[in-house]
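Next come the chains, spelled out residue by residue.
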Amino acid sequence: EAAVTQSPRNKVAVTGGKVTLSCNQTNNHNNMYWYRQDTGHGLRLIHYSYGAGSTEKGDIPDGYKASRPSQENFSLILELATPSQTSVYFCASGAGISNERLFFGHGTKLSVL
Amino acid sequence: GMPVEQNPPALSLYEGADSGLRCNFSTTMKSVQWFQQNHRGRLITLFYLAQGTKENGRLKSTFNSKERYSTLHIKDAQLEDSGTYFCAAGGTGGYKVVFGSGTRLLVSP
């Protein structure tokens, strides 16, 4: 089973503060993804990446930046956190071939007060 | 409409019952995954299909790309099957994977 590790597992932030969520995968997958999960919305794609140095906007990128400094690491950055960004965030990786299969991390619960 | 519609949004079963979940796609998809999200919030992969049918114990999933749907059947439901089930489909236009909104399943004694 693919290994995708997220940190931190829980985070409490203040409005206007900067938050960085980290994701590491050890399977040499090309693609990595950040989703958020909110009640009634399922999982929605924020940003994704095709490989080191690449970041792409997903369906709901506003208020978020992403960084892919290496094949293994993909970060999600909230420069000015807002209470509406309180959510559970999931990172996933995929091999990047056709018929993408995703492997998920455990999730990060973020509360912005 | 939504690219992936998942039904029903919620489902209650008694132990031992059989039932099915369905996802309909607004466009042709190349693959589908089914996940169970447990009480701890962890997403557990149940199936990945590019076509046809797969079975694993009491679970069976079918993906029909041409007819634009996928199903997940649960046989002899158990208490530990409770959770939220998601389908996620990959389309023909790149790597993006789109999720359904989930089915909350509650299995009661």
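About the criteria used
Positions within a chain are numbered from 1, following the residues in the order the chain's sequence is written. Each chain gets a letter, beginning with A, and each ligand a number, beginning with 1, in the order they are written. Local features in a predicted model are, by the rule used here, given only for residues with pLDDT of at least 70; side-chain atom pairs are given and counted only at 80 or more, and totals for whole chains, interfaces and linings are based on all residues. Side-chain metrics rest on all non-hydrogen atoms present in the structure, leaving aside hydrogens and water. Planes of paired rings set the category: under 30 degrees apart is stacked, over 60 is edge-to-face and the rest tilted, where pairs are Phe, Tyr or Trp rings (Trp by its six-membered ring) whose centres lie within 6.5 Å. To qualify as a helix, a DSSP run of H or I must reach at least 4 residues; to qualify as a strand, a run of E must reach at least 2; elements of each kind are numbered from the N terminus. Between buried and exposed lies partly exposed: a residue is buried under 20% and exposed over 50% of the maximum accessible area for its type, with that area taken using a 1.4 Å probe on protein chains only. Candidate patch residues must exceed 30% relative accessible area and have no salt bridge, after which like charges are joined if within 9 Å and Val, Leu, Ile, Met, Phe, Trp or Tyr side chains if within 5 Å. All accessible areas in this document rest on Shrake-Rupley with a 1.4 Å probe, and a residue is counted as covered only by the protein chains that are shown. What makes a salt bridge here is a side-chain nitrogen of Lys or Arg within 4 Å of a carboxyl oxygen of Asp or Glu, nothing more. Positive charges come from Lys and Arg alone, negative charges from Asp and Glu alone, with His and the N- and C-terminal ends not counted. Where a charge lies is defined by one atom per residue type: Lys uses NZ, Arg uses CZ, Asp uses CG and Glu uses CD. A pair of strands is considered paired only if DSSP assigns at least 2 bridges between the two. In this analysis, axes come from line fits to C-alpha atoms, helices being fitted only over the stretch in contact, and the angle between any two N-to-C directions falls in the range 0 to 180 degrees. In this description, contact between two residues means that some pair of their heavy atoms is separated by no more than 4.5 Å. Accessible area, probed at 1.4 Å, shrinks when two parts are joined; the buried area is that loss added up over both. We define a polar contact as two N or O atoms separated by no more than 3.5 Å, with the added condition that, inside protein, one atom must be a possible hydrogen donor and the other a possible acceptor, whereas residues neighbouring each other in sequence contribute only through side-chain atom pairs. Each residue is assigned to one class: nonpolar for Ala, Val, Leu, Ile, Met, Phe, Trp, Tyr, Cys and Pro, charged for Asp, Glu, Lys and Arg, and polar for all the others, Gly among them.

(A) Local environment of the packing of aromatic side chains. Counted by the stated rule, this structure contains twelve aromatic pairs over all chains. Here the aromatic rings of A:Tyr33 and A:Tyr48 are separated by 6.1 Å at their centres, their planes lie at 20°, and the arrangement is stacked. Highlighted residues: A:Tyr33 in strand E4 (residues 31-38) and A:Tyr48 in strand E5 (residues 42-49), separated in sequence by 15 residues. In this structure A:Tyr48 comes out as buried when scored by relative accessible area, which is 11%. An angle of 65° between the planes, with centres 5.9 Å apart, marks the rings of A:Tyr64 and A:Tyr89 as edge-to-face. With A:Tyr64 in the loop between strand E6 (56-57) and strand E7 (65-67) and A:Tyr89 in strand E9 (residues 87-94), this residue pair connects regions lying 25 residues apart in the sequence. The exposure classification of A:Tyr64 matches that of A:Tyr89, with both residues buried. What links up through ring pairs into an aromatic cluster is the set A:Tyr33, A:Tyr35, A:Tyr48, A:Tyr50, A:Phe90, A:Phe104, B:Phe35, B:Phe86 and B:Phe99.

(B) Representation of a negative patch on the surface in the model. Together, B:Glu15, B:Asp18, B:Asp76 and B:Glu80 line one region of the surface with negative charge. Examined against the element boundaries, B:Asp76 turns out to sit in the loop between strand E8 (69-74) and strand E9 (83-91).

(C) Fine view of the sheet that holds strand E1 (residues 4-7) of chain B. Residues and elements named next belong to chain B. Read from one edge of the open sheet, five strands run E1-E3-E8-E7-E6, paired in antiparallel fashion. Only two strands of the sheet have a single partner each, and these edge strands are E1 and strand E6 (52-56). The mean angle between the axes of side-by-side strands here comes to 15°, regardless of whether they run parallel or antiparallel. Bridge analysis of strand E7 (residues 59-64) against E8 gives six bridges, and the strand direction is antiparallel. Pairing of Lys 60 across the sheet is with His 73, part of E8.

(D) Broad picture of the interface of chain B and chain A. Taken residue by residue, the interface counts 18 residues in chain B and 20 residues in chain A. Counting each side, the surface lost to burial between chain B and chain A is near 1800 Å², with a carbon and sulfur contribution of 57%. Our enumeration of links across chain B and chain A arrives at zero salt bridges. The interface formed by chain B and chain A holds four residue pairs in polar contact (both at pLDDT 80 or more) in total. When contributions to the side of chain B that touches chain A are tallied by element, the ones reaching two or more residues are strand E4 (29-37), strand E5 (43-49) and strand E10 (97-99) of chain B. Ranked by residue count, the leading element in the side of chain B that touches chain A is E4(B), at five residues. Residue composition of the side of chain B that touches chain A, by class: eight nonpolar, seven polar and three charged.

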